[in-house]
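For reference, the chains in residue letters:
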Amino acid sequence: FDRGAKELVECVIAVRRALAVPDEEIIPVSHTGRVFNGTTFLRDAFRSALDGAGQGFQYRAPLYAPDIGAALYAAQLADQPLDESAKQTLWQQCA
(Lines give C-alpha, C1' and ligand atoms only; values in the text may rest on other atoms or scores of the structure.)
Protein backbone atom coordinates (compact mmCIF):
# COMPACT_ATOMS: atom_id res chain seq x y z
CA PHE A 1 0.00 0.00 0.00
CA ASP A 2 2.81 2.40 0.85
CA ARG A 3 4.49 2.03 -2.53
CA GLY A 4 1.22 2.57 -4.40
CA ALA A 5 0.38 5.59 -2.26
CA LYS A 6 3.80 7.12 -2.89
CA GLU A 7 3.38 6.63 -6.63
CA LEU A 8 -0.02 8.34 -6.51
CA VAL A 9 1.51 11.27 -4.60
CA GLU A 10 4.25 11.49 -7.24
CA CYS A 11 1.42 11.98 -9.77
CA VAL A 12 -0.08 14.71 -7.60
CA ILE A 13 3.32 16.41 -7.39
CA ALA A 14 3.72 16.17 -11.18
CA VAL A 15 0.35 17.84 -11.72
CA ARG A 16 1.27 20.60 -9.28
CA ARG A 17 4.50 21.16 -11.18
CA ALA A 18 2.78 21.10 -14.58
CA LEU A 19 0.25 23.70 -13.40
CA ALA A 20 3.07 25.84 -11.99
CA VAL A 21 1.31 26.24 -8.64
CA PRO A 22 3.29 28.59 -6.37
CA ASP A 23 5.12 26.87 -3.51
CA GLU A 24 3.20 28.80 -0.85
CA GLU A 25 -0.19 27.70 -2.23
CA ILE A 26 -1.95 24.93 -0.27
CA ILE A 27 -3.70 22.52 -2.63
CA PRO A 28 -6.64 20.42 -1.47
CA VAL A 29 -6.26 16.81 -2.62
CA SER A 30 -8.87 14.09 -2.50
CA HIS A 31 -9.28 10.61 -3.92
CA THR A 32 -11.86 8.83 -5.98
CA GLY A 33 -12.64 5.24 -6.75
CA ARG A 34 -13.68 2.15 -4.90
CA VAL A 35 -10.15 0.96 -4.15
CA PHE A 36 -9.87 3.72 -1.53
CA ASN A 37 -13.23 2.82 -0.02
CA GLY A 38 -12.56 -0.89 0.53
CA THR A 39 -10.17 -0.52 3.45
CA THR A 40 -8.35 2.26 5.24
CA PHE A 41 -4.89 0.92 4.37
CA LEU A 42 -4.46 2.72 1.05
CA ARG A 43 -6.27 5.86 2.19
CA ASP A 44 -4.08 6.11 5.30
CA ALA A 45 -0.93 5.47 3.29
CA PHE A 46 -1.99 8.10 0.73
CA ARG A 47 -2.64 10.68 3.45
CA SER A 48 0.70 9.90 5.07
CA ALA A 49 2.54 10.18 1.76
CA LEU A 50 0.82 13.52 1.05
CA ASP A 51 1.84 14.83 4.46
CA GLY A 52 5.39 13.62 3.93
CA ALA A 53 5.72 15.19 0.48
CA GLY A 54 6.41 18.63 1.92
CA GLN A 55 4.64 20.21 -1.05
CA GLY A 56 1.74 22.05 0.58
CA PHE A 57 -1.01 19.52 0.07
CA GLN A 58 -4.08 19.16 2.28
CA TYR A 59 -6.01 15.90 2.17
CA ARG A 60 -9.79 16.22 2.01
CA ALA A 61 -12.32 13.42 2.00
CA PRO A 62 -14.46 13.32 -1.15
CA LEU A 63 -17.62 15.42 -0.99
CA TYR A 64 -19.61 12.95 -3.08
CA ALA A 65 -19.61 9.27 -4.00
CA PRO A 66 -18.05 8.43 -7.40
CA ASP A 67 -21.41 8.08 -9.14
CA ILE A 68 -22.56 11.51 -7.99
CA GLY A 69 -19.21 13.02 -8.91
CA ALA A 70 -19.54 11.55 -12.40
CA ALA A 71 -23.02 13.07 -12.78
CA LEU A 72 -21.75 16.47 -11.63
CA TYR A 73 -18.83 16.29 -14.04
CA ALA A 74 -21.12 15.27 -16.92
CA ALA A 75 -23.40 18.23 -16.19
CA GLN A 76 -20.39 20.54 -16.13
CA LEU A 77 -19.08 19.16 -19.44
CA ALA A 78 -22.51 19.71 -20.98
CA ASP A 79 -22.26 23.34 -19.80
CA GLN A 80 -25.23 22.67 -17.49
CA PRO A 81 -23.71 22.79 -13.98
CA LEU A 82 -26.11 21.90 -11.21
CA ASP A 83 -27.12 24.43 -8.58
CA GLU A 84 -26.96 23.55 -4.88
CA SER A 85 -30.61 22.45 -4.78
CA ALA A 86 -30.09 20.03 -7.68
CA LYS A 87 -26.90 18.68 -6.05
CA GLN A 88 -28.78 18.07 -2.81
CA THR A 89 -31.58 16.25 -4.65
CA LEU A 90 -29.06 14.11 -6.52
CA TRP A 91 -27.25 13.26 -3.31
CA GLN A 92 -30.51 12.27 -1.57
CA GLN A 93 -31.60 10.08 -4.47
CA CYS A 94 -28.28 8.26 -4.59
CA ALA A 95 -27.93 7.77 -0.83
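Please refer to the structure higher up on the page.
Residues numbered from 1 in each chain as written. Predicted model: local features only at pLDDT ≥ 70, side-chain atom pairs only at ≥ 80, totals over all residues. Heavy atoms only, no water.

### Considering the pattern of salt bridges
When their charged atoms lie close together, side chains carrying opposite charge are able to pair. Put simply, the rule reads: In the sections that follow, a salt bridge refers to a side-chain nitrogen of Lys or Arg positioned within 4 Å of a carboxyl oxygen of Asp or Glu. A helix here means a DSSP run of H or I that spans at least four residues, while a strand means a run of E at least two residues long, and both kinds are numbered starting from the N terminus.
In this structure the tally under the stated criterion is two salt bridges. In this structure, Lys87 engages Glu84 in a salt bridge whose closest nitrogen and oxygen atoms are separated by 3.3 Å. Taken together, the residues Lys87 and Glu84, both in helix H5 (residues 84–94) and three residues apart, mark about one turn of the helix.

### Remarks on the nonpolar core
Convention followed: Take the buried residues of types Ala, Val, Leu, Ile, Met, Phe, Trp, Tyr and Cys, join any two whose side-chain atoms come within 4.5 Å, and each joined set is a nonpolar core. Burial status follows relative accessibility: with a 1.4 Å probe on protein chains alone, a residue under 20% of its type maximum counts as buried, one over 50% as exposed, and anything between as partly exposed.
Counting 14 residues, the largest nonpolar core has Ala5, Val9, Val12, Val29, Phe46, Leu50 and Phe57 as its most contacted members. Contributions of two or more residues to this core are made by helix H1 (2–18), strand E1 (27–29), helix H3 (40–52) and strand E2 (57–59). Looking at this core element by element, the count peaks at five residues for H3.

### Considerations on the layout of surface pockets
We count it as follows: Whether a set of points on the 1 Å grid over the protein atoms alone is a cavity depends on a 1.4 Å probe fitting there but being unable to get out, while an open set qualifies as a pocket with protein on both sides within 12 Å along at least five of seven lines; lining residues are those with an atom within 4 Å of a point. Grid points are joined across faces, edges and corners, and a volume is the space filled by probe spheres set on the points. Ten residue types, Ala, Val, Leu, Ile, Met, Phe, Trp, Tyr, Cys and Pro, are classed as nonpolar, four, Asp, Glu, Lys and Arg, as charged, and the remainder, Gly among them, as polar.
When its volume is computed, the largest pocket comes out at roughly 380 Å³. Of all the secondary-structure elements, those providing two or more residues to the lining of the largest pocket are helix H2 (34–38) and helix H4 (66–77). Considered class by class, the residues forming the lining of the largest pocket number six nonpolar, six polar and two charged.

### Some points on unusual backbone geometry
The backbone phi angle of Ala20 is positive, close to 55°, even though this residue is not glycine. Considering the arrangement of structural elements, one finds Ala20 in the loop between H1 and E1. The phi torsion at Asp79 lies on the positive side, around 60°, for a residue other than glycine. Checked against the element boundaries, Asp79 lands in the loop between H4 and H5. A residue is classified by how much of its surface remains accessible, and Asp79, at 62% relative accessible area, is exposed.

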